[in-house]
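# Close look at the chain arrangement
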Amino acid sequence: MISEVVMPQMGADMTEGTIVRWLKKEGDAVRRGDIIAEIETDKANVEIEAFESGIFRKVLAQEGDVIEVGKPIAVIASPEEDISKYDGAGVAKPPAGSQTPQTQASAPPAQAPASAQAKPAPAESETAQPKAQTAAAPARTNGRVRASPVARKLAEEKGIDLSRLRGSGPDGRIVRRDVEAAMAGAAPPATPAPSAAPSPGVTSVPLSRMRQAIARRMSQSKREAPHYYVTVDIDMTEEEHERHQINDT
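Note that the structure is a prediction, hence the values are computed from the model and not measured.

Checked against the element boundaries, Lys-158 lands in helix H4 (residues 149-158). In this structure Lys-158 comes out as partly exposed when scored by relative accessible area, which is 48%. Counting along the chain gives 25 residues from Lys-158 to Met-183, while the straight-line C-alpha distance between them is 7.9 Å.

And the structure:
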């Protein structure tokens with residue numbers, strides 16, 4: 001009897017798993033309960049076993065492939081059984097939104113409506129003006145200019161209008177150097193953009209499914225759960241004296 005080995009669901013929230021390694025090769029004899037593969041879930045690496053005895057006839061997913069729960073990844077059957085229906089079967093999950101260059105090149109361009117073709121393009125001066133106005137606008141939150149406390153205090157002492165400044169801090173926040181630049185009559189220093197290219201000698205290693213789950217949950221917790229931060233000041237003078245006494249003895 002043909003037995004399909006499927007990607008098991010090791011948890012209620014598991015939707016897919018990764019083939020880490022195969023412990024059986026095509027043609028090996030398999031008995032019920034034998035460990036045949038190791039898979040990686042969001043929480044752990046798990047060994048899966050065969051539920052039927054027979055010959056390990058065909059591997060449908062290679063090591064490193066991401067497989068949806070319930071999809072077949074291998075076939076166990078007797079030597080005389082016909083498994084030709086699995087020829088060419090591949091269950092590797094393609095990356096989301098992927099499209100081969102041949103498909104992109106062969107797809108004919110969509111015909112634009114006649115009304116869209118007849119509509120003249122706006123003049124360059126008309127499109128450039130709103131962009132320039134947007135770039136010059138300072139960052140605001142509910143009508144309040146975003147500025148650090150130090151920048152506000154310095155601007156108040158020097159009589160500088162913060163609404164006329166453009167911040168160079170995070171998210172356009174006005175910081176001290178912006179006010180100092182306005183006092184000197186110079187433009188605020190530009191914040192250098194981080195380089196996207198990896199440094200020489202740095203190797204990029206893909207995250208495991210467990211690390212991906214940890215990063216996803218931490219981001220979700222920071223975004224959705226309220227956070228409270230407590231700061232405590234402790235006078236350690238006496239403890240420092242005692243530490244010196246102990247070290248000197």
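Moving on from the model shown.
Let us look at the confidence of the model for the protein chain. For residues with low pLDDT, the predicted coordinates do not support detailed interpretation. Averaged over all residues, the pLDDT of the protein chain equals 75, while 72% of them reach at least 70. Predicted confidence is poor over residues 92-110, with pLDDT under 50, and the contacts of this stretch with residues over four places away or in other chains come to seven contacts.

Let's shift gears to the pattern of salt bridges. Close approach of charged atoms lets side chains of opposite charge pair. Evaluated as defined, the whole model comprises seven salt bridges. When the shortest N-O distance is used, the salt bridge between Arg-176 and Glu-180 registers 2.9 Å. Of this pair, Arg-176 and Glu-180 both sit in helix H5 (residues 176-184), four residues apart, which is roughly one turn of the helix. Given a relative accessible area of 47%, Arg-176 falls into the partly exposed group.

With that out of the way, let us pick up the sheet that holds strand S1 (residues 3-6). With antiparallel pairing, four strands are arranged side by side in an open sheet as S1-S8-S6-S3. The open sheet terminates on both sides in strands that have one partner only, identified here as S1 and strand S3 (29-30). Where S1 and strand S8 (residues 72-77) come together, four bridges link them in antiparallel fashion. Its bridge partner lying in S8, Val-5 is registered against Ala-74.

So, about the packing of H4 against H5. Across the interface, H4 lies against H5 with an axial gap of 8 Å and an inter-helix angle of 20°. Considering their axes alone, H4 and H5 lie roughly parallel with respect to each other. Between H4 and H5, the residues in contact are Val-150, Ala-151, Leu-154, Ala-155 and Lys-158 and Arg-176, Val-179, Glu-180 and Met-183, respectively. Of the residues that constitute the contact of H4 with H5, the class distribution is six nonpolar, no polar and three charged.

Calculation criteria
Residues numbered from 1 in each chain as written. Predicted model: local features only at pLDDT ≥ 70, side-chain atom pairs only at ≥ 80, totals over all residues. Heavy atoms only, no water. Helix = DSSP H or I, 4+ residues; strand = E, 2+ residues; numbered from the N terminus. Buried < 20%, exposed > 50% of the residue type's maximum accessible area, 1.4 Å probe, protein only. pLDDT = per-residue confidence, 0-100. Contact = heavy atoms within 4.5 Å. Salt bridge = Lys/Arg side-chain N within 4 Å of Asp/Glu carboxyl O. Pairing = 2+ DSSP bridges. Axes fitted to C-alpha atoms, helices over the stretch in contact; angles between N-to-C directions. Parallel < 35°, antiparallel > 145°, perpendicular 65-115°, else oblique. Nonpolar A, V, L, I, M, F, W, Y, C, P; charged D, E, K, R; others polar.

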